[in-house]
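# Close look at the chain arrangement
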Amino acid sequence: MPDCIFCLQQDGDSVVYKDEKCYVMLDKYPVSRGHLLVISRDHYETVLDAPRDVSGHAFLLADHFAKVVKEEMEADGVNVTANIGKAAGQVVMHMHIHIIPRYLNQARNYNFGTGKEIDESVKQDLMTRLSARTHRPPSDL
Ligand SMILES: [Zn+2]
């Protein structure tokens with residue numbers, strides 16, 4: 001899709017991992033520090049529209065990067081979630097899975113897309129920390 005931002009951002013400076021089916025990037029409007037997105041390389045409107053090998057791969061990556069980001073960010077927990085359809089809060093209509101580090105001192109509720117844009121210095125720090133760990137493809141994928 002020519003004007004879809006998730007089709008266009010696959011080589012962007014927020015991408016921490018990429019393989020033949022999916023890529024992982026920092027969310028531009030993070031709900032919390034270290035908020036990542038797992039996104040298919042090909043365009044599918046929702047997770048349910050993707051072939052199972054793509055959606056399955058995306059969830060395996062989400063499992064892997066949830067562990068990485070929990071450890072790296074010293075988070076107390078992680079939300080792994082796919083918003084499927086506008087009614088479920090999906091904002092960009094290209095399949096993606098959110099990985100959101102959570103902290104005990106943080107408010108329980110959050111809203112997607114309402115936060116402020118990621119700060120450039122925070123972005124650079126996260127790229128440095130996560131890239132060191134995430135450019136190696138997970139061996140079991
Ligand atoms: Zn797209």
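As a reminder, the structure under discussion sits directly above these lines.
Below, the structure is looked at part by part. (Residues numbered from 1 in each chain as written. Predicted model: local features only at pLDDT ≥ 70, side-chain atom pairs only at ≥ 80, totals over all residues. Heavy atoms only, no water.)

### Quick notes on the overall build of the protein
- Secondary structure assignment for the protein yields three helices and five strands.
- Reading the protein from its N end, one meets helices and strands in the order α-β-β-β-α-β-β-α.
- A burial count over the protein gives 43% of its 141 residues as buried.
- Summarising the internal contacts of the protein: among those between residues at least 6 apart in sequence, 64% fall at separations of at least 24.
- Of the roughly 7,800 Å² of accessible surface on the protein, 50% is carried by carbon and sulfur atoms.
- Between the averaged position of the 16 positive side-chain charges in the protein and that of its 20 negative side-chain charges there is a distance of 4 Å. (Helix = DSSP H or I, 4+ residues; strand = E, 2+ residues; numbered from the N terminus. Buried < 20%, exposed > 50% of the residue type's maximum accessible area, 1.4 Å probe, protein only. Contact = heavy atoms within 4.5 Å. Areas by Shrake-Rupley, 256 points an atom, 1.4 Å probe, with all protein chains shown as cover. Lys, Arg positive; Asp, Glu negative; His and termini not counted. Charge placed at Lys NZ, Arg CZ, Asp CG, Glu CD.)

### Some words on the pairing of strand β2 (residues 22-26)
- Of all five residues in β2, five are buried; the element is thus mostly enclosed.
- On β2, burial covers both faces: Cys22, Val24 and Leu26 on one face and Tyr23 and Met25 on the other are all buried.
- By the bridge criterion, three bridges tie strand β1 (residues 15-18) to β2 in an arrangement that is antiparallel. When the bridges of β2 are listed, Lys18 appears paired with Tyr23.
- Where β2 and strand β3 (residues 36-40) come together, five bridges link them in antiparallel fashion. Pairing of Val24 across the sheet is with Val38, part of β3. (Pairing = 2+ DSSP bridges.)

### Some thoughts on the pairing of β3
- The element β3 is largely enclosed, with a buried count of five among its five residues.
- A two-sided burial pattern is seen for β3, the buried positions comprising Leu36, Val38 and Ser40 on one face and Leu37 and Ile39 on the other.
- Bridge count for β3 against strand β5 (residues 96-102) is four bridges, and the pairing is antiparallel. Following the sheet pairing, Val38 is matched in β5 by Ile97.

### Points about the coordination of the zinc ion
- Taken together, Cys4 (SG), Cys7 (SG), His43 (ND1) and His94 (ND1) make up the full set of protein donors to the zinc ion, lying 2.0 to 2.3 Å away.
- Its four donor atoms give the zinc ion angles of 105 to 117° at the centre, a pattern that matches the tetrahedral case.
- Sequence positions of the residues that donate to the zinc ion give the spacing C-x2-C-x35-H-x50-H.
- You can call Cys4 buried: its relative accessible area is 8%. (Donors = N, O, S within 2.8 Å, 3.2 Å for Na, K, Ca; no water. Tetrahedral: all angles 85-135°; square planar, octahedral: opposite > 155°, others 65-115°.)

### Considering the pattern of salt bridges
- The full count for this structure, using the stated rule, is nine salt bridges.
- Of the charged contacts in the structure, one is a salt bridge between Glu72 and Arg129, with a shortest N-O distance of 3.4 Å. Within this pair, whereas Glu72 is found in helix α2 (residues 52-72), its partner Arg129 is found in helix α3 (residues 120-134), the two being separated by 57 residues in sequence.
- On the basis of relative accessible area, Arg129 is assigned to the partly exposed category, the value being 29%.
- Between Lys123 and Glu120 there is a salt bridge; the shortest N-O distance is 3.9 Å. (Salt bridge = Lys/Arg side-chain N within 4 Å of Asp/Glu carboxyl O.)

### Quick look at α2
- With 21 residues, α2 should reach 30 Å at 1.5 Å per residue; the first-to-last C-alpha distance of 30 Å fits that figure.
- Taken together, the buried positions of α2 are Val54, Ser55, His57, Ala58, Leu61, Ala62, Phe65, Ala66, Val68, Val69 and Glu72.
- Taken from the residues just after α2, Glu74 is the one with a positive phi, measuring 50°. (Expected span 1.5 Å × (residues − 1).)

### As for unusual backbone geometry
- Of note in this structure, Glu74 is not a glycine but carries a positive phi near 50°.
- Relative to the elements of secondary structure, Glu74 occurs in the loop between α2 and β4 (77-81).
- Look at Glu74 and you get exposed, because its relative accessible area is 66%.

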